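Each chain, written out:
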Amino acid sequence: MEKIPLTRAGHTALDKELKTLKSVERPAVIKAIAEAREHGDLSENAEYHAAREKQSFIEGRIKEVESILGRADIIDTSKLSGAIKFGARVTLLDEDNEEEKTYQIVGEPEADIEKGRLNIKSPLARALIGKEEGDSVEVRTPGGDRAYEILTIVYG
């Protein structure tokens, strides 16, 4: 089984989500199913079917998170330095529009581009790996070719 790289913060967030799913979400949906059953005919009971669907989603997410945590390779980014690698927080200057953007390179389960967490498998992250401050990188993205200058690299 393939190990999944995670930052300490990403692992903590997934662990917290798993505890919430098991201790809050799962009991709530079980209660909702029991209440819907009391309303009689299940074949025409929309509340029952909605609760069962939600239960299915919750159980699937529990299995997914447990699998990720079981294969997690937690990388302590505070001990890293130098060229860009997993866990780096990188500030880039878009050479086309002079806009600065900061991203942290993280594992796939914790990636969220809106929050500045860049999937290590993304084209931009792959282009950045191994580069140093001051380097320029050209990236082919779905939106076209982009050029960035690396302003800062921070770990921890």
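Summarised in this report is the structure supplied together with it. Everything quoted here is computed from the prediction, not taken from an experiment.

1. Describing the environment of Ile 75
Moving on, step 1. Position of Ile 75 among the secondary structure elements: in strand 2 (residues 72-75).
Moving on, step 2. The class for Ile 75 is partly exposed, based on a relative accessible area of 22%.
Moving on, step 3. Along the primary structure Ile 75 and Phe 86 are separated by eleven residues, whereas in three dimensions their C-alpha atoms are 8.1 Å apart.
Moving on, step 4. For Ile 75, the contacting residues outside a window of four places in its chain are Pro 5, Leu 6, Thr 7, Arg 8, Leu 80 and Phe 86.

2. Focus: the side chain of Ser 122
Moving on, step 1. In this fold, Ser 122 is placed in the loop between strand 5 (117-119) and helix 3 (123-128).
Moving on, step 2. Only 3.2 Å separates the side chain of Ser 122 from the backbone nitrogen of Ala 125, close enough to count as a polar contact.

3. A look at the nonpolar core
Moving on, step 1. Ile 84, Leu 92, Leu 124, Leu 128 and Ile 150 are the most contacted members of the largest nonpolar core, which has 17 residues in total.
Moving on, step 2. Listing elements by their share of this core, those giving two or more residues are strand 3 (89-94), strand 4 (100-106), helix 3, strand 6 (136-141) and strand 7 (144-154).
Moving on, step 3. Element by element, the count of residues in this core is highest for helix 3, at four residues.
Moving on, step 4. When neighbours within four sequence positions are excluded, Ile 150 is seen to be in contact with Ile 84, Val 90, Thr 91, Leu 92, Leu 128, Lys 131, Glu 132, Glu 133, Gly 134, Asp 135 and Val 137.
Moving on, step 5. The next biggest cluster of nonpolar side chains, apart from the first, holds 16 residues, and it includes Ala 36, Ala 51, Leu 69 and Ala 72.

4. Re the packing of helix 1 (residues 8-37) against helix 2 (residues 46-70)
Moving on, step 1. Where helix 1 contacts helix 2, the two axes come as close as 9 Å, and the packing angle between them is 160°. In terms of their interaxial angle, helix 1 and helix 2 are classed as roughly antiparallel. Viewed along their axes, helix 1 and helix 2 form a crossing whose handedness is left-handed.

Thresholds, definitions, all that
Residues numbered from 1 in each chain as written. Predicted model: local features only at pLDDT ≥ 70, side-chain atom pairs only at ≥ 80, totals over all residues. Heavy atoms only, no water. Helix = DSSP H or I, 4+ residues; strand = E, 2+ residues; numbered from the N terminus. Buried < 20%, exposed > 50% of the residue type's maximum accessible area, 1.4 Å probe, protein only. Contact = heavy atoms within 4.5 Å. Polar contact = N/O pair within 3.5 Å; in protein donor to acceptor, adjacent residues only side chain to side chain. Core = buried A, V, L, I, M, F, W, Y, C linked by side-chain atoms within 4.5 Å. Axes fitted to C-alpha atoms, helices over the stretch in contact; angles between N-to-C directions. Parallel < 35°, antiparallel > 145°, perpendicular 65-115°, else oblique. Left-handed = near helix turned anticlockwise from the far one by under 90°.

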